[in-house]
Amino acid sequence: MVGLATVFGAGGGTSSYEEVENSDLIVLWGSNARAAHPIFFHHVLRALERGAKLIVVDPRRTESAAFGDLWLGIDVGTDIALSNTIAREIIASDLQDQAFVANATENFEEYAESVAEWTLERGEEVTGVPADVIREVAHTYAQADRAQICWTLGITEHHTAVDNVLALINLGLLTGHVGKYGSGLNPLRGQNNVQGGGDMGAIPNKLPGFQDIVEDHEARARFEQAWGRPIIPQYGWHLTDMFHAMERGELTAIYCIGENPVSSEADATHATPLLENLDTLIVQDIVMTKTAEMADVILPASNAAFESEGTVTNSERRVQRVRKALEPPGQAKDDIWIIAQLARRLGHDWGELSASDAWEELRSLSPMHANMSWALIKEQGGVQWPCNDEFPNGAQFLHSRLWAFDDPARQGRKAPFSVVVDDPPVDLLSEEYPIRLTTGRRLDSFNTGVQTAGYTSPLRRPESVEVSAADAEALGVVEGERVRVSSRRGEVEAPVHISSALRRGLAFMTLHFPDEVETNRLTIEAADPKSGTAEFKATAIRIDKLRAGVA
């Protein structure tokens, strides 16, 4: 969200799913959508059926790459280098959209100078992608009539997360592939309603509607009037900041809603003791997670999917209604009810608060939701923000204003290019730790397994460390053999799975089965300073044989 908000003022994907289906070129960059976003991938498949091209940029030859016209097996952590090389080739070949760059953007000269050193040869040397392939991607993307770049955690789970996103946005600005139907820049959100959480202000520097808590004085005044309390103009802590604050003793109480940091945080051997040493840990969740097992107080919540009323916002910015189908079991209660009861006990009686009441307050304070009534969401089956006087029924795609070259008032702030610098992974490879571990998801499971591990799937196999056939031969290990996997932070044991998706020197694991293999004992807590996202995608490891044989 930070990268898009920095350039365009709003942290949302610029396009709709329909536009993806009608694009001529789709670039999945750091996204194995076939496994991690299978519903979205159906829109990609419809585009391919129409004749669209698919380019996949990923260290692994993933399930998504199998559908692609071109796969760029990039070295982990070199996304900025690849983007800068593509940009340099576009500029050198005079393929940029000159009218758009001149009239809708700023800082182009400085950006062009910063990528001038990224020749095709240098790009190949740093990224591992052949120069002729980089050239083909640059020309194909620049000359496409309609093109989409879609990314996910393969871009954002790095210590350069925001700069990685800015690097991709630069390509969209350079070619004019933003602000018009069929072209766009789209993050595929990692979980249901991640977009909605950000929209509602669940980030430490924004009020609902992406209104800056420090810079937007008018917004702050509106909230102060509505809430009858002063809004402190100060940015809060993101998740990584919180763990640093726990370490300093400044953060001693946590109210954890729908999150399982004991299993999901990087460098678990460091994060878990910090949670254990809190004065107070309150967990509000639908299942007994490992974090809930540590809690001082547990508040059993309802399942937002079918036991409560409300809304979710998906990756195309579409706000959709959620309708209650079942009563929560036992003592479980709706999240809104729980929060309202806490407010009452703290001396603020909000009355019988409903989801529609909360929504009405939201749209009275968030300009981008202003015309999005409860009735309109129901009538249209979902509405894409912004929904205001300019877009009374919602906006299918964002930033069309940038193309209003002759109307400065409508065009507003120009989109700035960002100078971004290649910065390798923090956890360096060495003779002791020579293999690069990257993490991700499988189609049959989700995150730390809280919602999926309780049922079986014919697609599922036990957690393993996936390696290339070349590495398996060099290590002298066979399929199913248990090995020790070590990093600079910890070690685990896991069976080997030999995968054709991997090249020599690259390994893959998931976070889905922490009870079997606690992968996050290996990962590094190095994080992006702007977003707070940890570098889950780039860990240096070694793999050693055990005396025990095949599992």
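Refer to the preceding data block for the structure.
Residues take numbers from 1 onward in each chain, read along the sequence in its written order. Where local features are concerned, this predicted model is filtered to residues with pLDDT of at least 70; where side-chain atom pairs are given and counted, the filter is 80 or more; whole-chain, interface and lining totals use all residues. Computation of side-chain values: all heavy atoms of the structure, hydrogens and water removed.

A. Layout of the overall build of the chain. Comment: elements are numbered from the N terminus, with helices defined as DSSP H or I runs of at least four residues and strands as E runs of at least two. Helix and strand counts for the chain stand at 22 helices and 21 strands. Computation of the radius of gyration draws on C-alpha atoms alone. For the globule rule, the value is 2.2 Å times the number of residues to the power 0.38. In terms of overall size, the chain behaves like a compact globule, its C-alpha atoms giving a radius of gyration of 24 Å where 551 residues would be expected to give roughly 24 Å. By sequence separation, contacts in the chain at least 24 residues apart represent 69% of the contacts at least 6 residues apart. Every accessible area reported is derived by Shrake-Rupley at a probe size of 1.4 Å, with residue values counting cover from the shown protein chains alone. With an accessible surface of roughly 24000 Å², the chain has 51% of that area assigned to carbon and sulfur atoms. By definition, residues are in contact when any of their heavy atoms lie within 4.5 Å.

B. Spotlight on the sheet that holds strand β2 (residues 53-57). Here a strand pair is declared whenever DSSP counts at least two bridges between the two strands. Within the open sheet, the five strands sit side by side as β3-β2-β1-β5-β6. Their pairing is parallel. The sheet is open, and its two edges are formed by β3 (70-72) and β6 (184-187), each paired on a single side. Across this sheet, the average inter-strand angle for adjacent strands is 15°, counted without regard to direction. Pairing of strand β1 (residues 25-29) with strand β5 (residues 147-151) involves five bridges; the strand directions are parallel. Bridging from a neighbouring strand, L25 pairs with A147 of β5. With axes taken as lines fitted to C-alpha atoms, and helix axes fitted only over the stretch in contact, angles between N-to-C directions fall between 0 and 180 degrees.

C. Up close: the pattern of salt bridges. Any carboxyl oxygen of Asp or Glu within 4 Å of a side-chain nitrogen of Lys or Arg constitutes a salt bridge here. Going through the model one piece at a time under the given rule, you end up with 25 salt bridges. The salt bridge involving E463 is made with R442; its shortest N-O contact spans 3.4 Å. Within this pair, whereas E463 is found in the loop between β16 (435-440) and β17 (465-467), its partner R442 is found in the loop between β16 and β17, the two being separated by 21 residues in sequence. Taken individually, E463 and R442 each receive the classification buried, so the pair is uniform in this respect. Residues participating in the shared-partner salt-bridge network are R344, D349 and E352. Buried, partly exposed and exposed residues are distinguished by accessible area as a fraction of the type maximum, computed with a 1.4 Å probe on protein chains only: under 20%, between the cut-offs, and over 50%, respectively.

D. Quick peek at a nonpolar patch on the surface. There is a patch of nonpolar side chains on the surface, built from Y255, I257, I339, L342, W350 and L353 and spanning about 510 Å² of accessible area. When residues of the nonpolar patch are traced back to their parent elements, those giving at least two are β9 (253-257) and α18 (335-345). One can find L342 in helix α18. Taking the relative accessible area as the measure of exposure, L342 reaches 33% and is therefore partly exposed. A residue counts toward a patch only above 30% relative accessible area and without a salt bridge, and it is joined to like-charged neighbours within 9 Å or, for Val, Leu, Ile, Met, Phe, Trp and Tyr, to nonpolar neighbours within 5 Å.

E. Main features of the pairing of β6. Along β6, one buried face is formed by G184 and N186 and the opposite face, lined by L185 and P187, is buried too. Relative to β6, β5 runs parallel, the two being bridged by four bridges. Paired with Q148 across the strands is G184, a residue of β6.

F. The side chain of T452, seen in detail. Relative to the assigned elements, T452 resides in the loop between β16 and β17. Not counting residues up to four positions away in its chain, the partners in contact with T452 are D444, S445, F446 and R460.

G. Region of the structure containing the sheet that holds strand β13 (residues 318-322). Taken together, three strands build an open sheet; the order of strands is β12-β13-β14 and the sheet is antiparallel. Since the sheet does not close on itself, it has two edges, and those belong to β12 (310-313) and β14 (383-384), each with one partner. Pairing analysis gives two bridges linking β13 to β14, with the strands arranged antiparallel. Of the residues in β14, the one forming a bridge with R318 is Q384.

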